[in-house]
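# Breakdown of the fold
Residue strings, one per chain:
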Amino acid sequence: MEKVHEFIGGLLDEKGITGMEPEVRQQLIEEMTNLLMQRIDTAAINALPEDKAIELADGLDNGTIKNEDVSKFMIDAGVNFEEIAMVTMVQFRDLYLGNTVAEPEKTDAADSEAAEKDNN
């Protein structure tokens, strides 16, 4: 977890957020770390094949898979945590530093308008 804290601290420095009280900075690092870890967890779950995701959800619901066994289950299912963590961290960095703009989702109305313009 210390490496993740260092990563987040580096992001704050790159963003120019350096002139705050140490306690406030530490709180911000903790909050950003929690957000990043949630994103990594979500990416790892999304990397599971659908049948394994269902098996995991069912196992957690009925108690046959314990929370402490989730990592082993995911590794056995072929999830590469290291790669997922690195990709997610790069995406997080790019979004935080403003290097990437999230694309708005297209709506049906926007698709219809684009098709109508193409037909004219």
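Scope of this entry: the structure provided in the associated data block.

Reading the values: rules and limits
Residues numbered from 1 in each chain as written. Predicted model: local features only at pLDDT ≥ 70, side-chain atom pairs only at ≥ 80, totals over all residues. Heavy atoms only, no water. Helix = DSSP H or I, 4+ residues; strand = E, 2+ residues; numbered from the N terminus. Buried < 20%, exposed > 50% of the residue type's maximum accessible area, 1.4 Å probe, protein only. Salt bridge = Lys/Arg side-chain N within 4 Å of Asp/Glu carboxyl O. Axes fitted to C-alpha atoms, helices over the stretch in contact; angles between N-to-C directions. Parallel < 35°, antiparallel > 145°, perpendicular 65-115°, else oblique. Left-handed = near helix turned anticlockwise from the far one by under 90°. Contact = heavy atoms within 4.5 Å. Phe/Tyr/Trp six-rings, centres within 6.5 Å; stacked < 30°, edge-to-face > 60°. Lys NZ or Arg CZ within 6 Å of the ring centre and 35° of its normal.

## Description of the overall build of the chain
Tallying secondary structure elements over the chain gives 6 helices and 0 strands in all. Helices (α) and strands (β) of the chain occur, in sequence order from the N terminus, as α-α-α-α-α-α. Residues counted as buried form 23% of the 120 residues belonging to the chain.

## Structural notes on the pattern of salt bridges
Evaluation of the coordinates by the stated rule reveals 5 salt bridges. A salt bridge links R25 to D13; the nearest nitrogen and oxygen atoms lie 2.9 Å apart. You can see R25 sitting in helix α2 (residues 22-47) and its partner D13 sitting in helix α1 (residues 2-15), a full 12 residues away along the chain. R93 is the partner of E14 in a salt bridge, and the nearest nitrogen-oxygen pair spans 2.5 Å. Separated by 79 residues along the polypeptide, E14 in helix α1 and R93 in helix α5 (residues 81-97) bring together distant segments of the chain. According to the relative accessible area criterion, R93 is partly exposed, its value standing at 27%. Here the salt bridges do not stand alone but share partners, grouping E14, R93 and D94 into one network.

## Brief notes about the environment of V87
By the secondary structure assignment, V87 is in helix α5. With a relative accessible area of 42%, V87 lands in the partly exposed category. Measuring from C-alpha to C-alpha, the distance between V87 and I40 comes to 8.9 Å, with 47 residues separating the pair along the chain.

## A short note on the packing of α1 against α2
Following both chains from N to C, one finds α1 and α2 inclined at 115°, their axes separated by 9 Å at the closest point. On the basis of the axis angle, α1 is roughly perpendicular to α2. Where α1 crosses over α2, the two elements pack in a sense that is right-handed. Along the contact surface, α1 presents V4, H5, F7, I8, G9, L12 and D13, while α2 presents R25, Q26, L28, I29, E30, M32, T33, L36 and M37.

## Examining the environment of T18
With respect to the helices and strands, T18 occurs in the loop between α1 and α2. The exposure class of T18 is exposed, given its relative accessible area of 52%. Ignoring sequence-local partners within four residues, the contact set of T18 consists of D13 and R25.

## Observations concerning the packing of aromatic side chains
If you walk through the whole model with that rule in mind, you get 0 aromatic pairs. Positioned over the ring face of Y96 is K15, at 5.4 Å from the centre of the ring.

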